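Architecture and fold: a report
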Amino acid sequence: MSLLEIDDVVVQFGGVTAVDGASFAAGAGRITGLIGPNGAGKTTCFNVISGLQRPTKGAVRFDGRTVTSMPVHRRSKRGMGRTFQRLEAFGSLSVRDNVRVAFDIHRGVTGLVRPAAANVDALLERVGIAAYARERADAIPTGTARLLELARCLAGDPKMLLLDEPSSGLDEAETDAFGELLAGLAAEGRGILMVEHDMDLVMTVCDEIHVLDFGRVIASGAPADIRSDRRVQEAYLGYSEDAADDAEASTGDADPADTRHDLPPVAAELSEVPR
Ligand SMILES: Nc1ncnc2c1ncn2[C@@H]1O[C@H](COP(=O)(O)OP(=O)(O)OP(=O)(O)O)[C@@H](O)[C@H]1O
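All figures in this text were calculated on a predicted structure; none of them were measured in a lab.

Let us look at the sheet that holds strand S1 (residues 4-13). Sheet architecture is open: four strands sit in the order S2-S1-S4-S5, paired in antiparallel fashion. Since the sheet does not close on itself, it has two edges, and those belong to strand S2 (16-26) and strand S5 (65-66), each with one partner. In this sheet, S5 lies alongside strand S4 (residues 57-62) in antiparallel orientation, the contact comprising two bridges. Residue Phe-62 lies in a different strand from S5, and its bridge partner there is Arg-65. Along the sheet, helix H1 (residues 42-50) contacts S1, S2 and S4; its crossing angle with S1, the most-contacted strand, is approximately 120°.

On to the pairing of strand S8 (residues 191-195). The element S8 is extensively covered by neighbouring structure, given that five of its five residues are classed as buried. Every second residue of S8 is oriented toward a common face, with Gly-191, Leu-193 and Val-195 on one face and Ile-192 and Met-194 on the other, all of them buried. Across four bridges, the pairing between strand S3 (residues 31-35) and S8 is parallel. Each residue of the ladder has a partner; that of Thr-32, found in S8, is Leu-193. Relative to S8, strand S7 (residues 160-164) runs parallel, the two sharing five bridges. Paired with Met-160 across the bridge in S8 is Gly-191. Handedness of the crossover joining S7 and S8 through helix H6 (residues 172-187): right-handed.

Cut-off values and rules
- Residues numbered from 1 in each chain as written.
- Predicted model: local features only at pLDDT ≥ 70, side-chain atom pairs only at ≥ 80, totals over all residues.
- Pairing = 2+ DSSP bridges.
- Helix = DSSP H or I, 4+ residues; strand = E, 2+ residues; numbered from the N terminus.
- Contact = placed C-beta atoms within 7 Å.
- Axes fitted to C-alpha atoms, helices over the stretch in contact; angles between N-to-C directions.
- Buried ≥ 20, exposed ≤ 12 C-beta atoms within 10 Å, placed from the backbone.
- Right-handed = clockwise from strand over helix to strand, strands pointing away.

Written out as structure tokens, the structure reads:
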């Protein structure tokens, strides 16, 4: 049994089916990617997993227990931590105080017992933002603010981290360091499930990837399998490379890949991932 299991989840918003019978799992000690084109249902799945959205149908199991109807704070207490696309830190507090408050919140302590300063500073150091400790949270760059979100989440010592576009705003060197940080967190036995548009990062760090399209899981597997999966290529590119080769062989037409500069960045990146 995996640490996190999503079983046949459906979410309908009026006439819109955002998630359409999705089932997938994410294990302890593993980095699992949840990818898919815009509007595929990734954020809605995250909301169902973390408890912000009640599914129309289906179940979520976490750490051996069905949590489908469990409120957000109880899931959090059981070891589920989440970061958001929008940033949640207290803007007027320093980076260090934001992490200090997160320790307090997770321990249910308000002001009476302070977390050891060493714990706060060690966490800032670990996620790579110690240099910003004294800065106001609303004055730091977006990428750094995302790392602050992660630090606040880690203050709760979660078994499972749900990360929504964690690398956006990071430059290449910061993204490499972030990938190493994720690998270290997984090596400690934490499960990581992340929605991420940076395909290089996803393909480098994930042990397993689930691909959503129109609310359905269209492929699950190791990065190498996902890269070459015909349905995934079709979902991102509008055609598969096998089909393109077939068409070229029969008509002599130009390779449709020549039009890839018109594709959204994520699709272009997927097509450029080395095989
Ligand atoms: N509260 C809502 N009310 C109505 N429709 C919604 C709502 N939330 C999401 N949707 C629709 O559900 C579908 C899935 O949206 P969702 O945000 O989960 O996709 P996503 O894969 O996270 O997209 P993106 O990569 O652009 O963030 C979309 O068609 C979206 O417009």
